[in-house]
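# Structural characterization, general
What follows is the residue order along each chain.
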Amino acid sequence: MTNEEMQEYVISSIRRIRKTKKMSQLDLSVHANMSQSFLANIETGKKEPSVMTIIRIAQAMDVNPREFFPESTNELDINVKSEIKSEIMDLLKKL
């Protein structure tokens, strides 16, 4: 996953969870102690949130910050398994 894809995933997760919890941007910004315009800029991709900002947003929505990120271990496992399989196949061809 590229940095841009990861950023879009985090942004869409923040927006999706906020809406699921029926919070407006104003509600979230008040609970996270940040300006509504800053939060709007995060949700539109104009600003990239810092780790601390992500933590504050998660706390304000009462969720684990990990919920904003994809299950990277599964994706990594798939990529690693695919690479290992390719290496094994290459070695078998040499026998």
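Residues numbered from 1 in each chain as written. Predicted model: local features only at pLDDT ≥ 70, side-chain atom pairs only at ≥ 80, totals over all residues. Heavy atoms only, no water.

With that settled, the discussion passes to the packing of helix α1 (residues 3-20) against helix α4 (residues 51-61). Between α1 and α4, the shortest axis-to-axis distance is 11 Å and the interhelical angle comes to 20 degrees. Regarding the angle of α1 to α4, the classification is roughly parallel. Considering how the two elements wind past one another, α1 and α4 form a crossing that is left-handed. Taking contact as the criterion, the partners of V10, I14, I17 and R18 in α1 are, on α4, I54, I57 and M61. When the residues that make up the contact of α1 with α4 are grouped by side-chain class, the tally is 6 nonpolar, no polar and 1 charged. (Axes fitted to C-alpha atoms, helices over the stretch in contact; angles between N-to-C directions. Helix = DSSP H or I, 4+ residues; strand = E, 2+ residues; numbered from the N terminus. Parallel < 35°, antiparallel > 145°, perpendicular 65-115°, else oblique. Left-handed = near helix turned anticlockwise from the far one by under 90°. Contact = heavy atoms within 4.5 Å. Nonpolar A, V, L, I, M, F, W, Y, C, P; charged D, E, K, R; others polar.)

In this structure, I14, L28, I57, M61, V63 and F68 are the most contacted members of the largest nonpolar core, which totals 16 residues. Mapped by element, the contributors of at least two residues to this core are α1, α2 (25-32), α3 (36-43) and α4. Counting residues per element, this core draws most heavily on α4, which supplies 5 residues. If we skip the residues at most four places from it in the chain, M61 touches I14, I17, R18, K21, M23, L28 and F68. (Core = buried A, V, L, I, M, F, W, Y, C linked by side-chain atoms within 4.5 Å. Buried < 20%, exposed > 50% of the residue type's maximum accessible area, 1.4 Å probe, protein only.)

With that settled, consider the side chain of E43. Within the secondary structure layout, E43 lies in helix α3. Side-chain polar atoms of E43 contact the side chain of R18, separated by 2.7 Å. (Polar contact = N/O pair within 3.5 Å; in protein donor to acceptor, adjacent residues only side chain to side chain.)

Our next topic: the side chain of R18. Here R18 is to be found in helix α1. Ignoring anything within four residues of it in the chain, the contact list for R18 reads M23, S24, Q25, L28, E43 and M61.

The subject of this paragraph is α2. Buried within α2 we find L28, S29 and A32. Buried residues of α2 fall within an arc of 100 degrees about the axis and therefore sit on the same side. Opposite the buried face of α2, by more than 90 degrees, sit the exposed residues V30 and H31. Summarising the contacts, the buried residues of α2 are in contact with α1, α3 and α4. (Arc of directions from axis to C-beta.)

With a phi angle near 55 degrees, K22 is a residue other than glycine that sits in the positive phi range. Tracing the chain through its elements places K22 in the loop between α1 and α2. Its relative accessible area of 74% is what places K22 among the exposed residues. The phi torsion at D62 lies on the positive side, around 55 degrees, for a residue other than glycine.

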